[in-house]
Amino acid sequence: MSGGVTRVLGVDTSLRCTGYGVVAMTGGAMRTISYGCIRNKPAWNHSTCLLAIQERIVDVIRETQPEEISIEGAFYCRNVRTAMTLGEARGVVLATCAAQGISVYEYAPRRVKMAVVGVGSAEKDQVMKMVARLLGMEPKIQSDAADALALAITHLQQARGVARTEHKPL
């Protein structure tokens, strides 16, 4: 990530609505390339949802050509079933990125909030507003897409040495 334009795909995984966002950096300026949510219908079975996530992530990678991927690291769930479902969706994204030959980096949720808002305990609304502000966007970004953009911003800051935290490929 030295010089020129750098593109990072941030992914906020979930079975029903996986957020994605691609941010490019030229010099010190960031801009949004693409963002949205991969929405899976409630009637779809589990494996169909996972396949849809895989296919759309491949499409996003082909359309936007990110150099690296940023994904949320360890998470805590009180419900074991929810944790397993999130882990499976995350695993699909990790495997898809590996198959595309792109390095994946993970960041803890508190680290992302700290990088974007300046407070590790920031609320979702604060993250959405700061993402919009940092990228010059309208403040009404769907929360999953905003979280994905925040992951991309965090990675770009980390790569530039702005955020001093763990920076390791998975």
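Residues numbered from 1 in each chain as written. Predicted model: local features only at pLDDT ≥ 70, side-chain atom pairs only at ≥ 80, totals over all residues. Heavy atoms only, no water.

What about helix α3 (residues 109-116)?
Since the α-helix advances by 3.6 residues per turn, residues separated by three or four positions end up pointing in the same direction.
For step 1, the next point in the chain: Of the positions making up α3, those classed as buried are Arg111, Val112, Ala115 and Val116. Down the axis of α3, the buried side of the element spans an arc of 120°, and every buried residue falls inside it.
For step 2, the next point in the chain: On its buried face, α3 is in contact with β5 (103-107), α4 (124-135) and α5 (143-159). (Buried < 20%, exposed > 50% of the residue type's maximum accessible area, 1.4 Å probe, protein only. Helix = DSSP H or I, 4+ residues; strand = E, 2+ residues; numbered from the N terminus. Arc of directions from axis to C-beta. Contact = heavy atoms within 4.5 Å.)

Examining the pattern of salt bridges
For step 1, the next point in the chain: Taken as a whole, this structure holds 4 salt bridges when the rule is applied.
For step 2, the next point in the chain: In this structure, Lys124 engages Asp147 in a salt bridge whose closest nitrogen and oxygen atoms are separated by 2.4 Å. Here Asp147 lies in helix α5 and Lys124 lies in helix α4, a separation of 23 residues in the sequence.
For step 3, the next point in the chain: By relative accessible area, which is 45% here, Lys124 ends up partly exposed.
For step 4, the next point in the chain: The buried category is assigned to Asp147, whose relative accessible area is 14%.
For step 5, the next point in the chain: Between Asp125 and Lys129 there is a salt bridge, with the nearest N and O atoms lying 3.1 Å from each other. Placement of both Asp125 and Lys129 in helix α4 is noted, with a separation of 4 residues, approximately one turn of the helix.
For step 6, the next point in the chain: Residue classification places Lys129 among the partly exposed residues on the basis of a relative accessible area of 49%. (Salt bridge = Lys/Arg side-chain N within 4 Å of Asp/Glu carboxyl O.)

Details of helix α1 (residues 46-64)
For step 1, the next point in the chain: With 19 residues, α1 ought to run about 27 Å at 1.5 Å a step, and its terminal C-alpha atoms sit 27 Å apart, in line with that.
For step 2, the next point in the chain: Phi turns positive, to about 55°, at Gln65, one or two residues after α1. (Expected span 1.5 Å × (residues − 1).)

Function cannot be read off these values alone, since they describe shape.
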